[in-house]
Amino acid sequence: MLDPIAAPTHPLEVTMGKVLGDVLGLAAGVAISPLPIIAIILILATPRGRLNGQLFAVGWILGLAALGAVMLGIASPAGASAHNHPATWVGALKLALGVFLVLFGARQWHRRPADASQAQLPKWMDAIDRLTPVKVFGLGLALAALNAKNAPLTIAAGAAIGSAGLPVGQQIASLAIFVLIATLGLLAPLAVFLLGGERAKTTLGSWKDWAAQHNVAVMAVLFFVLGLKLLGDGISVLTS
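Residues numbered from 1 in each chain as written. Predicted model: local features only at pLDDT ≥ 70, side-chain atom pairs only at ≥ 80, totals over all residues. Heavy atoms only, no water.

Chemist: How do you make sense of the UniProt feature "transmembrane region" (unreviewed entry) in the protein chain when you look at a structure like this?
Modeler: The feature "transmembrane region" (unreviewed entry), as given by UniProt, occupies residues 23–43, 55–75, 87–106, 175–196 and 216–238 in the numbering adopted here. Counting secondary structure, residues 23–43 comes out at 90% helix and 0% strand; the distance between its end C-alpha atoms is 29 Å. Measuring from the first to the last C-alpha atom of residues 175–196 gives 30 Å, for a span that is 95% helix and 0% strand. (UniProt positions renumbered as here; feature names shortened; annotations may be inferred. Helix = DSSP H or I, 4+ residues; strand = E, 2+ residues; numbered from the N terminus.)

Shown next as structure tokens:
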């Protein structure tokens, strides 16, 4: 009788685990996005904060899912995987995204304010309290799918999933896990607002102030670190 503990792991499980290992770091990078977190906190402070906060989160989720699904749709028929090994163009894509993020991170670090207390938020945030529910939903969609950091990371995650040779169901599950982890940064303030009672306003206010002051520095470090990861992944694919 075979010992179940010593039984070999199914190749598909190994592949699935490797894919999740590749994309979880990218998902965490998307989740730690100061601007979307600040945006949802400001939205929650508006008169229709409960409705608009949830619409913003839904827009964010759909934006990530749509961009990731588009990448999966491109990767599978384009031969992203050859014998469960990423194709050359996947390595080139990751290399290009890595170069972009490293350069953008260096630019952000150079532009960070010398005094964090002097940091300024984008001017479009001044109009958040005047946005309709439809525009709030669109804002969540745009910040997820069109953001200069989130889009490259989501594209890289889609390429990593599509290049693993997984069946469609496993690809969808992997993308769903990526989207869930990438949304935790927004779900945290939303949960505090919905469940935190009277203390929620103070807690969210302190989170917003910290994120506003350190937004540029945090983004610069994330860009640089995740860019280096993608560079390493791209080089590994191209040289193996």
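Chemist: Would you explain the packing of helix H4 (residues 88–111) against helix H6 (residues 150–162) in this entry?
Modeler: For any two helices packed against each other, one specifies the crossing angle of their axes together with the interaxial distance. Where H4 meets H6, the closest approach of the two axes is 10 Å, and the angle between their N-to-C directions is 160 degrees. Considering their axes alone, H4 and H6 lie roughly antiparallel with respect to each other. With respect to the hand of their crossing, H4 and H6 are arranged in left-handed fashion. For the pair H4 and H6, the contacting residues are Val 90, Leu 93, Lys 94, Leu 97, Phe 100 and Leu 101 in the first and Pro 152, Leu 153, Ile 155, Ala 156, Ala 159 and Ala 160 in the second. Split into classes, the residues belonging to the contact of H4 with H6 amount to eleven nonpolar, no polar and one charged. (Axes fitted to C-alpha atoms, helices over the stretch in contact; angles between N-to-C directions. Parallel < 35°, antiparallel > 145°, perpendicular 65-115°, else oblique. Left-handed = near helix turned anticlockwise from the far one by under 90°. Contact = heavy atoms within 4.5 Å. Nonpolar A, V, L, I, M, F, W, Y, C, P; charged D, E, K, R; others polar.)

Chemist: When you look at the side chain of Lys 94 in this model, what are you seeing that I'm missing?
Modeler: Among the secondary structure elements, Lys 94 is positioned in helix H4. In this structure Lys 94 is buried but unpaired, with Asp 233 as the nearest side chain of opposite charge at 4.3 Å. Once you skip the residues sitting within four places of it in the chain, Lys 94 turns out to touch Ala 156, Ala 160, Leu 230, Leu 231, Asp 233 and Gly 234. (Buried < 20%, exposed > 50% of the residue type's maximum accessible area, 1.4 Å probe, protein only. Lys, Arg positive; Asp, Glu negative; His and termini not counted. Salt bridge = Lys/Arg side-chain N within 4 Å of Asp/Glu carboxyl O.)

Chemist: Which parts of the structure should I look at to understand a nonpolar patch on the surface?
Modeler: A cluster of nonpolar side chains, namely Val 58, Leu 62 and Leu 141, defines an oily patch on the protein surface of about 220 Å² accessible area. Take Leu 141: it is sitting in helix H5 (residues 133–145). (Patch = residues over 30% accessible without salt bridge, like charges linked within 9 Å, V, L, I, M, F, W, Y side chains within 5 Å. Areas by Shrake-Rupley, 256 points an atom, 1.4 Å probe, with all protein chains shown as cover.)

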